[in-house]
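What follows is each chain in one-letter form.
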Amino acid sequence: MKNKTLLAVAALAVASLSMQAIAADGGNPKRGKHLYKKHCKSCHDAGTTELTPMSKTMSQWDRFFKRNKHDPAPFEALSEPQLLDINQFLYDHAMDSDQPATCG
């Protein structure tokens, strides 16, 4: 009985991690943090436009990138893989993630 319980808990844990990885899968969060600081933070650091990874939930960050509503000018210098890296960083450190973070 103990083995079945442990197996069920392990299966749920793996399923939970898999669901989180589906959303922003493929980006490199370490590169994304560097790119965010270099290309995004200067505009989103203060005032009404303050934006950190904790400003949104994981699903909100995914919708933000899928809908592509940001002013395209700042993104012109970034490749698709770089945008995916930024998305991964923001997703991994969103307010409802296991490791919420600001971008200090």
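Here, the structure is the one placed above.
For the structure given in this document, a descriptive report is provided here. (Residues numbered from 1 in each chain as written. Predicted model: local features only at pLDDT ≥ 70, side-chain atom pairs only at ≥ 80, totals over all residues. Heavy atoms only, no water.)

### Some details on the state of the cysteines
Part 1 of the reasoning: As enumerated under the stated definition, the model contains 0 disulfides in all.
Part 2 of the reasoning: Lacking any disulfide linkage, Cys43 is separated from the closest cysteine sulfur, that of Cys40, by 8.4 Å.
Part 3 of the reasoning: When its relative accessible area of 54% is taken as the criterion, Cys43 is described as exposed. (Disulfide = S-S within 2.5 Å. Buried < 20%, exposed > 50% of the residue type's maximum accessible area, 1.4 Å probe, protein only.)

### What to know about the side chain of Ser97
Part 1 of the reasoning: Within the secondary structure, Ser97 is located in the segment after helix H5 (80–92).
Part 2 of the reasoning: The exposure class of Ser97 is buried, given its relative accessible area of 10%.
Part 3 of the reasoning: In terms of polar contacts, Ser97 uses its side chain to reach the backbone carbonyl oxygen of Ala94, at 2.8 Å.
Part 4 of the reasoning: The contact partners of Ser97, leaving out residues within four places of it in the chain, are Met58, Tyr91 and Asp92. (Helix = DSSP H or I, 4+ residues; strand = E, 2+ residues; numbered from the N terminus. Polar contact = N/O pair within 3.5 Å; in protein donor to acceptor, adjacent residues only side chain to side chain. Contact = heavy atoms within 4.5 Å.)

### Examining the environment of Asp25
Part 1 of the reasoning: Considering the arrangement of structural elements, one finds Asp25 in the loop between helix H1 (2–23) and helix H2 (29–39).
Part 2 of the reasoning: Separated by 62 residues in the primary sequence, Asp25 and Asn87 place their C-alpha atoms 9.2 Å from one another.

### Examining the packing of aromatic side chains
The description of an aromatic ring pair uses the distance of the two centres, along with the angle that the planes make with each other.
Part 1 of the reasoning: Applying the stated criterion to the full structure yields 4 aromatic pairs.
Part 2 of the reasoning: A ring pair is formed by Trp61 and Phe64, whose centres lie 5.8 Å apart and whose planes are at 85 degrees; its orientation type is edge-to-face. One end of the pair, Trp61, and the other, Phe64, are both in helix H3 (residues 58–67), 3 residues apart, so they sit about a helical turn from each other.
Part 3 of the reasoning: For the ring pair Phe64 and Phe65, a centre distance of 5.2 Å and an interplane angle of 85 degrees mean the geometry is edge-to-face. Take Phe64 and Phe65: they sit in the same class, and that class is buried.
Part 4 of the reasoning: Joined through ring pairs, the aromatic side chains of Trp61, Phe64, Phe65 and Phe75 make up one cluster.
Part 5 of the reasoning: Sitting above the plane of the Trp61 ring, Lys56 keeps its charged end 5.6 Å from the centroid. (Phe/Tyr/Trp six-rings, centres within 6.5 Å; stacked < 30°, edge-to-face > 60°. Lys NZ or Arg CZ within 6 Å of the ring centre and 35° of its normal.)

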